[in-house]
Each structure stands twice: as C-alpha cells, then as structure tokens.
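Residues per chain, in single letters:
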Amino acid sequence: MEKKRGKKVNIVEKNDDNTWWWLLKKGLGAPFLCISLFAILVRLAVSLHPYSGAGDSPKFGDFEAQRHWMEITINLPVKEWYRNSTLNDLQYWGLDYPPLTAYQSYIHGVFLKSFLPESVALFTSRGHESYLGKLLMRWTVLSSDLLVFLPAVFYFIVAYSSAYPRNGKNELAWLMAMILLNPCLIIIDHGHFQYNCISLGLTVAAIAAILSDKELVACAFFTLALSHKQMSAYFAPAFFSHLLGRCLRRRNPFLELSKLGLVVIGTFALVWWPYLNSKQAFLEVLARLAPFERGLYEDYVANFWCTTSILIKWKNLFSTHSLKLFCLVATLSTSLPSMIQQIRDPSNQGFLYGLVNSSFSFYLFSFQVHEKSILLPLLPASLLVLEEPLLFRWLTHFGLFSMFPLLCRDQLILAYVALFALFYLLFHAPGKRPRKIKSSAPRSFFLKLLGFCSFVLHIVYLTVRPPERYPFLFEAIIMLVCFSQFVLLAIYTNTKQWKPQKQSSSIDRQKKLL
Amino acid sequence: MEDEPPPTPRPSKPDDPIKELLWFSLISTTIKLLLVPSYHSTDFEVHRNWLATTHSLPLSQWYSDTTSEWTLDYPPFFAYFELFLSLFASYVDRTIVNLHQGLNYKANSVIYLQRITVMVSDLVLHFAIYGITKKLDPTRRRLIWVLVIWSPALFIVDHMHFQYNGFLLGLLLLSIWALSEERDLLGGFFFAVLLCFKHLFAVAAPVYFVYLLRHYCRGGLSKGLSRFLVMGLLVISVFVAAFGPFVYHGQMLQVIHRMFPFGRGLCHAYWAPNFWVFYIMVDKLLAFLLRRLGFNIQRPTASFTGGLVGDSSPFAVLPRITPLFTFMMVLLALCPCLLKAWRNPQPKKITRWIAYAYMCGFLFGWHVHEKALLHFITPLAVVALDSVDDGRHYFLLSTVGCYSLFPLLFEAQEYPIKLTLLLLHCLLMWYGFSSLFSEVALPKSPNSDEYLEKKTAEPTSDEETGLEIGWIGRCYLLGLAAIEVCGQFLYPLIIGDKFPFLPLMSISVYCAFGITYSWLWQLRCIIKS
C-alpha cells in the first residue's frame, strides 16, 4: 500500500518533469495524431510559398515538368508516353521517371482536369500558371504525402517499437516527429515541387516490412519504390545484401531467394505491363530513365565528381563512356564494405546503417547526381535518429545547407529559414531526450565552429556579390564544406556498421528469450 | 508501469520555465513565418497607410488626412506605435512610408516587414502569459501556453487576416497579471495604456472602475481618497500623454470623430455571432408570418450593416435598435458582475470578470466585429483549468469561437490551413484537459485510505473520468461540422450561386447559440460564486 502510494507520487513528480505527459498519457494515438496534424499544417504552410520556376518562361522548372507529365499522360495513350512524336516533344520536359510516376501523373491529371481543364490541355497548357492551378497541384503532393508517406511512417514506428521494445512513448513520439518533419523533404516536395514522398514512403514501408520480418512484402514495396523513381536504386545494395544475408542463413537458401526474386519480377511485370509486349517499347522507356546526356553532375552538387572537378576537369578529360565506368566502379567499391557486412551478419540495426551507407556512396560517386538526392541518405538517417541523434542533426544541417543555392533560386529563403529553425526547435524539444548526446569538448567545439561557419556563409551568400572572375565562388565554397561533412559522416556510418553491436544483439537475445 | 523506459542514470532535470516558454513561442513564430505569404485582408493596407501617415505627416494632420480611404481611427498610442514601426519601415523600403506611391503597395518588403512586426509585438503577449502562469504547476502552465501561444484564432486573425491583436491582448494580460498579484496601480496603468491603444477595450472599464474603487481605494476615507486620487492622476496622466498633443493642436474633436464612427450599422458585413443575430432572425420570421396572415408588412429598405442613414429602420416588425440602447444592454448585462465586484473584490476572480465584460460587449454591443471574440477567449484561457466545468466550457467556447472566424479567410488556399489549425487546437485541448482532469480526479496528496478506496472503486477509470462534454455538447459540435460541410460543399453544389449569404448567415446563427450559452454559463458561474 505504502509502496503504491510512493509510486503514484513519484509519477506525479515525473509528470511535471515531462513536458508532454498530458499528450502521452493515453498511449501513442494522441501524440501520433497531433504530430501528423502538425506535420500537415507545416506542409500546407510551406505550400503557400513559390515553386521552382514560377514565372520563369520558357523552360520553367520542376513544377512545369510535373504538370506537363499530367498533360501528356491524360491526353495520349499509354504506349506514346515515352515516345518522341509530334504530340509528345521529349525535348520539353519529357517523361524521364519509371511508369509508376506516369500512372501517378495520370491520376493527378484526371483530378486537375475535373476542376481546371485548361491547366492540362494538350499543347495550350504549356507554362500554365494560375492561382487555382498552383493550389490543385499543391494538393496533389499533399494527398500523396498523406496517402503514402504518412501511413508508411506509422507502419515503420509500429515495426520499430516491436523490434526495439525498450523505447518509451516519449522516444517514439519524438522519432515520429523527426521523420515526418524532416525539413529537406518538406521543402523539396511542398516548396520546390516534387513527389519524393511517394518513392521515399514506399521505401519506408519496405524497411518497416523488413523490421517486422516480412521479406516478401518488403520486396514488393521496394520494387514499387524503384518503379516510381529510379533514384531509389540508391538503397538497392542495402536491400539486396541484407535479404541475401538473411536467405543464406535459412535452411533452403535457394528456395528463399527464388521466392523473393519471383515477387520482385512479378511486381515489376505488373507495373511495366504496357511496355513489355515489345522489346523496342521497353528499351525506349529504359533509355528515358538513364539520361546520360545530362552530364556527370548537375549545378554544384556536393559529391566527389563535382568537388574534385575544381582540380580535375573530368568532363573534358574523359569521354562519357569512361566516366560512366568510373562512376560504376567507384560507387560499387564504396558500397561493397557495407554489403559484405550485411551478407555476413544481417541484422536490423546493421541494415539501417547499410541503407545510409549505400545511399551515401551513390550520392557521392554515382553518375548524374542532383542536390536533391541528399534526401536519400537523409531518410535512413532519420529512421536511425534514436540511435544516432547527432548524426541526423549534422546531416540535416548540411543537407539543407547544400540545397541553399537551389532554394534561393526558387525564392524559398523564408521557408528555408523557418524550417531550419523549426527543425532545431523540434530536435531540442523540451522533455526527455532519448539519450543524452555524448559529445567530447573538442568535438562539440568543432561542431559549433562549423555551425557558425555555415551561418556566416548563408549571410555572405545572400549579401555579398561574388567577384567577377568567379561568379560561382560561394556555391563552390558551400559545396566544399558540405562535401567534407558528407565524407566524414559516410566514413563514420561505415565504421559504425562494422562495429560489434552489443546493444542490438543483446536486444535480439532478449527477444528470443521472450 | 512496464512500458516505462528504464530510468536514465542522469536524473532528468526539469527544464527552465523561461526556456520552455521560449520554445513554445519560437515554435509559433516559425509557423507564423511560414504563413507570411498567405492571404491578408484590407487591414494590411490600413496599417500600411497608417505607417505612411504617421511617418510623412505632422502630428496635427494625422487624424484629418484623407489621402487613403483607410483613415486612422485608433487612439493616439496606436498612432505613436505606427510611427515607431515606420522608422524601421523607412529604413527597409522608402516606398512603404510614402503617402501616395505606397498606396496598395504589395512588394515583398512591405509584406515581410509588416508581418514580422506582428510577430515581434506578439512577444508582449507571450511575456504576459508567462507572468500569469509563473506560479502554477508545470502541467497547467504548459497547457495554458498551448491555449494562448498556439491559439488558432490568433493565427487566423493576426498572422493571416492581419492585425495587431496579440500585442493588445498582451497589454490586457499584463494588466490582469498585475491585478491578480494585487498590484492594482500597475494594473490600472496598463489598462489605461491599453485604452489609448484601442478604445474597443473600454467595455471592461466599468469592471475595472468598480474593482479598483473597492479593492485599491479601501481602508478608511482619507486613505481611500488619497489612493483614489493617485489612481486618478495616473490614469489621467496616461490619457494626457496620449491625447495632449492633439488637444494642443486643436485636433481633439477630429480625433473623437474618427474614433467613434457612428455612421456604421448594428452589424458588421459578416454578422458576428451575437445576440443581435437572433433579433434580426426573429424580425424576419415575424415579418414572414405576418405577411402570410395577410398583414401589410413593408420590406425594410435599409440594411443592418448600412448604418444610421436617414430615418428608415432595417427592421420590418421589431423596434429599431440605437447605439444608446445597445449601450444600456451591455451595462445591464454587466450589472451582476459589477455587484459582485462591489461586494467582494477578489483578485483571483478578476480575470473571469474582465472576460465576462468583454463577452457582454460582444453579445450586445453596437457594430461588433467577430474578431472581438479574442478579447474574451484569451483571458478565459487563464481560468480554463480551474475546474472540469471550466475546461469543458472553454473547450466548447474556443472551438465555436475559432470556427466563427472561418469566414474571415474565404479563399481556397487558406481553407485547409484554418481547418488543420482548428483541429489541432481541439485535439490538444481535448487530450490536455482530459489527462489533466482525470489526474486531478484522484486526490493529489492522498490520504492513503481514501486514496485506496478511490483506486479500488474505479480501477484505471481514465476513460470515464476526465473531460466529458455530454451528448448535447457533442451533438452541437457535430452540428458545427455539418454546417461547415453543408455551407462549403453541398450548398454550392445544389443551390449554386443563389443567396451566397445564406451559408455565412447559418454559421453566424449557429455559433451565436454556442456563444450565448457560454455567456449564460459564465453569468451563472459569477452569480453563484
């Protein structure tokens, strides 16, 4: 009796310490609902801001590309979507994503047509910009986010909490806030305008399926992600090695592997069905998906090729063909260590690190990388935030920073500043921290210095005019800073993956005992 | 408590309240920043014009200038405030403060500047609410912050529609803070300052007068008289600081003429959900019935919003309402509260009395704007956590009040935003109140036997205790959703563009029920206490 009372008083005291107990008291439903609504609110508010290429004729930007795809898909038969013709000029924002993106464009196109037919009329709608047009387009992104990304994150949290049962409600709610309110994803999808939420959402669902030991479901989801954006291949090595590693430990590895293979092929066949009846149609689509003519890298992306091009003019020295080969070798060799680790010893924890590592090596070394591709390493890093809070904060900071010049061009500075601040505030939300960020004095000093440097660079970029001889001086400096950080983080996550995982293995043992 | 995480080796230290306040305040600021490009009403241009007027004209012409139709009609302190802001504005972009070139200026500079001034001036409100809640237990404190700092009504009115209510409410709360800490002189001072910023807050002046007279000026005739004189001098000096320069320039009549434009009608363009909505509806109904019965009822030519033009009455059957009559109604409604304040002036009740006064002003006032809802929703948040009943009624009032602000933002772009804001607010309130009150339902420092009895009597009865709004409340809130769906989606689909005012009218009438009920409950609460 006495003991009970003592406990109760204790809880009351603890309640006062915990900022959010009034929200967490009744279980996870309440915080999940509130965080999702808040995430929707933030997305809605960001979507008030301009999109890429607004009022910038004749080429416009990603917004126009997506609108144009809707125009093409609802006005032409399926077979014509990827084929150059008088009705479909591939030079003008031709469709260059896999068929699932095309189907999604079709559905959204039908939605737009029912409210504003002139915004998706063939030819005449090129460069269409209107109040309602912007709004409807924004709503298509928002609905995709709600229908794909949000449920996927729910699924992930559920899978994660059963895979790592020691996490309390506080931690899970915070994890969810961190994944859902990732500033980079929000500003690219709802500000700049893209549909990354779909492919990333499908990837999250695949990861969640793996955490809950449903490999076949995971294969199906990941194949769908691949068929929405070929960029999802950044995660392919991790998925492949982890699943291979798991299969090899089963009684009948070959049977397990062929089951997975069948699911992958089946899903692919389903999505690509209209293009499978002739070899030519299939190759046409494939050619559109691999835009090698666009060059080794775009703008000032903080990857290896672009950064070293300050010293070595890759584009002038080598042919595209040999560059392709270089990229392939570099990417594969850098993702090899993490793959080997997963094949030898597949574990959930190692898999999440493997996702970070393989997407990092693609971002740093593959062909035709865009600034926006930093979203891919960021996604698994956000899933790991309870383990590696510092890594995620660091990566988000420099990921956002690396996109700063791009977002400036899109006139999204205000949204950028607000989301940056919001991220730091949520990261340091009052209440319990999952684990106190252990940070030695020199490292925290280094971090503070870096943070200060990036702050100064922001100001300099906005206010100082670069010297005439080097018009892109500041972009180059930003790229250098971000590249150095990304390399550091990639090395860190690679070593972390190879470290013996005491905690997770003990957890696994606990699970077995249960 | 199996699902509780194992205790961390480092004992978790409670966060510093000021740091936590900063966190709440900054979170709201980031959302406000994101809302900068949203729709803003003509009030935006009104305030821009005031910046230009105060910056480029001498003080003697502030209240007589007619370059723009949006003339200065707030008291002088607000004009000084605009003068202060115009210093920054002229530094940022000279066009903003140009009386002629700046007309309807829509550049990013002016939008960012004016929006940011609202965000910064909101800090007064945040500081005031910190002061009021400083001594409460942490959970109540945080919940009140959620109610006030993250108030959706403030987001809608100040940061989208555009006004400076957060700042003015901050002054009101500062005054309430001072009064509740028995620093009456300071409270009176802040209220006088507030009146010189916006005279619409004068509705609570009778409450202030009676309360201060009875609470501050007590303790014998001589002491009371001297205190009365001190308070009077203080208030008068505030008013002199505000209006003195205009008296000097002989502008006083012009200022008063601008501040009290009685050319306006009983209701605003969109009817605020108050008592007069019922009056108008009854009039319409009677006219309709009498016409059916064969009486010859003339259709009124004047409108309720048009004002006192000519002699025609906007009512067909019922007697017409004059400003004096509404004034008497407000005073009459205030009487119970004044009596209570006279008999037993208690500092801990003053918040409710002041809020009640603004409710009366809202329900019975002349040409009331729906934004005046904020004047009582914000102070009531401070007493919302006093009891389960208070929580329940605040939940109802805040939901209805915020919903009745929806017509302010009529464009499609902001529609999902206002909806999400309201839903989030309701959820936070619901979860917050129900966990708080189900916790309180168990005794806080329990006598062991009594505690155990309770515990065994209702094992883990979290679901049953806590917030319970009853089936009427639930039906009423569901009706709110029905009204919204019908008005926004079904009505345009079925009826089309005919009678576009009908959905708005139904919102007014429906919300008026909720607010009148809430007022009655507060009245009962004041009389019973």
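Scoring rules and cut-offs
Residues numbered from 1 in each chain as written. Chains lettered and ligands numbered in written order. Predicted model: local features only at pLDDT ≥ 70, side-chain atom pairs only at ≥ 80, totals over all residues. Heavy atoms only, no water. Helix = DSSP H or I, 4+ residues; strand = E, 2+ residues; numbered from the N terminus. Buried < 20%, exposed > 50% of the residue type's maximum accessible area, 1.4 Å probe, protein only. Areas by Shrake-Rupley, 256 points an atom, 1.4 Å probe, with all protein chains shown as cover. Rg over C-alpha atoms; globule rule 2.2 N^0.38 Å. Contact = heavy atoms within 4.5 Å. Lys, Arg positive; Asp, Glu negative; His and termini not counted. Charge placed at Lys NZ, Arg CZ, Asp CG, Glu CD. Phe/Tyr/Trp six-rings, centres within 6.5 Å; stacked < 30°, edge-to-face > 60°. Lys NZ or Arg CZ within 6 Å of the ring centre and 35° of its normal. Patch = residues over 30% accessible without salt bridge, like charges linked within 9 Å, V, L, I, M, F, W, Y side chains within 5 Å. Salt bridge = Lys/Arg side-chain N within 4 Å of Asp/Glu carboxyl O. 1 Å grid on protein atoms, 1.4 Å probe; cavity = no way out; pocket = protein on both sides within 12 Å on 5 of 7 lines; lining within 4 Å. Points joined across faces, edges and corners; volume = space filled by probe spheres on them. Polar contact = N/O pair within 3.5 Å; in protein donor to acceptor, adjacent residues only side chain to side chain. Core = buried A, V, L, I, M, F, W, Y, C linked by side-chain atoms within 4.5 Å. Axes fitted to C-alpha atoms, helices over the stretch in contact; angles between N-to-C directions. Parallel < 35°, antiparallel > 145°, perpendicular 65-115°, else oblique. Left-handed = near helix turned anticlockwise from the far one by under 90°. Nonpolar A, V, L, I, M, F, W, Y, C, P; charged D, E, K, R; others polar. Arc of directions from axis to C-beta.

(A) Up close: the overall build of chain B. Within chain B, the secondary structure is distributed over 20 helices and zero strands. Within chain B, the proportion of its 529 residues that are buried is 56%. Surface summary for chain B: the accessible area is close to 23600 Å², and the carbon and sulfur share equals 67%.

(B) Seen up close, the overall build of chain A. Along chain A, the regular secondary structure elements total 24 helices and zero strands. Against the compact-globule benchmark of 24 Å for 514 residues, chain A has a radius of gyration of 24 Å, which places it among compact chains. Summarising its shape, the C-alpha atoms of chain A cover approximately 85 × 60 × 50 Å along the three principal directions. Sorting the 514 residues of chain A into buried and exposed places 57% on the buried side. When contacts within chain A are restricted to residue pairs at least 6 apart in sequence, those whose partners lie at least 24 apart make up 79%. Roughly 21600 Å² of accessible area belongs to chain A as shown, and the carbon and sulfur atoms make up 67% of that amount. A distance of 10 Å separates the average location of the 51 positive side-chain charges in chain A from that of its 31 negative side-chain charges.

(C) Broad picture of unusual backbone geometry. All names here are of chain A. A positive phi angle, close to 50 degrees, is found at W93, a residue other than glycine. Inspection of the secondary structure puts W93 in the loop between α4 (62-75) and α5 (99-115). The phi torsion at Q368 lies on the positive side, around 60 degrees, for a residue other than glycine.

(D) Just the packing of aromatic side chains, in detail. Residue and element names in this part refer to chain B. For the structure on display, the rule yields 81 aromatic pairs over all chains. Between F239 and F243, the ring centres sit 6.1 Å apart and the planes meet at 10 degrees, which makes this aromatic pair stacked. Here F239 pairs with F243, and both are found in helix α10 (residues 221-248), just four residues apart, close to one helical turn. Since its relative accessible area comes to 29%, F239 is described here as partly exposed. The side chain of R227 reaches across the aromatic face of Y216, ending 4.6 Å from its centre.

(E) A nonpolar patch on the surface, seen in detail. Where nonpolar side chains cluster on the molecular surface, the patch consists of I310(A), L311(A), I312(A), L317(A), F318(A) and L480(A) and spans about 570 Å² of accessible area. Mapping L311(A) onto the fold places it in the loop between α14 (304-308) and α15 (314-317).

(F) Expanded view of empty space enclosed by the protein. Inspection of the entire model under this criterion finds 12 cavities of 30 Å³ or more. Of the pockets and cavities examined, the largest cavity occupies roughly 570 Å³. Lining the largest cavity are 30 residues; nearest its centre among them are W20(A), I35(A), L426(A), W23(B) and W150(B). The set of elements that each furnish at least two residues to the lining of the largest cavity consists of α2 (21-24), α3 (29-46) and α7 (169-180) of chain A together with α1 (17-34), α6 (152-162) and α17 (415-441) of chain B. Tallying contributions element by element places α3(A) first for the lining of the largest cavity, with five residues.

(G) Region of the structure containing the environment of S125(A). Residues and elements named next belong to chain A. Structurally, the position occupied by S125 is in the loop between α5 and α6 (131-163). Relative accessible area serves as the criterion here: at 0%, S125 is assigned to the buried category. In sequence terms S125 and P380 are 255 residues apart; their C-alpha atoms lie 38 Å from each other. With near-sequence residues (within four places) excluded, S125 lies in contact with R67, E71, E118, S119 and V120. One polar contact links S125 to R67, side chain to side chain, over a distance of 2.9 Å. Of the polar contacts made by the side chain of S125, one reaches the side chain of E71; its length is 3.1 Å.

(H) Representation of the nonpolar core in the model. Counting residues in each nonpolar core, the largest one holds 337 residues, and the members touching the most others are F38(A), V42(A), F149(A), F156(A), F486(A), I354(B) and F433(B). When near neighbours in sequence (up to four residues on either side) are disregarded, V42(A) contacts L181(A), I186(A), L419(A), L422(A), I31(B) and L34(B).

(I) Layout of the packing of helix α21 (residues 413-427) of chain A against α1(B). Packing of α21(A) against α1(B) brings their axes to within 9 Å, and their N-to-C directions diverge by 155 degrees. On the basis of their axis angle, the class for α21(A) and α1(B) is roughly antiparallel. α21(A) and α1(B) meet at a crossing whose hand is left-handed. Only W23(B), L26(B), I27(B), T30(B), L33(B) and L34(B) of α1(B) make contact with α21(A), whose side of the interface consists of L414(A), A415(A), A418(A), L419(A), A421(A), L422(A), L425(A) and L426(A). For the contact of α21(A) with α1(B), the per-class residue count stands at 13 nonpolar, one polar and no charged.

(J) Main features of the side chain of D93(B). All names here are of chain B. When you line up the elements, D93 lands in the loop between α3 (76-92) and α4 (108-133). R94 is the oppositely charged side chain nearest to the buried, salt-bridge-free D93, at an N-O distance of 7.6 Å. For D93, the side chain forms a polar contact with the side chain of T95, separated by 3.0 Å. Ignoring any residue separated from it by four or fewer positions in sequence, one finds D93 in contact with Y105 and S109.

(K) The side chain of H228(A), seen in detail. Mapped onto the elements, H228(A) comes out in helix α10 (residues 215-228). Not counting chain neighbours up to four residues away, the residues in contact with H228(A) comprise Y97(A), P98(A), L100(A), T101(A), Q104(A), Y195(A), I198(A) and S199(A).

(L) Molecular detail of helix α13 (residues 279-289) of chain A. Residues and elements named next belong to chain A. Taken as a whole, α13 has its buried residues at A281, E284, V285, R288 and L289. Taken down its axis, α13 places every buried residue within 135 degrees of arc, on the same side. In α13, the exposed residues that point more than 90 degrees away from the buried face are K279, Q280 and A287. In the core, the buried residues of α13 are packed alongside α12 (253-272).

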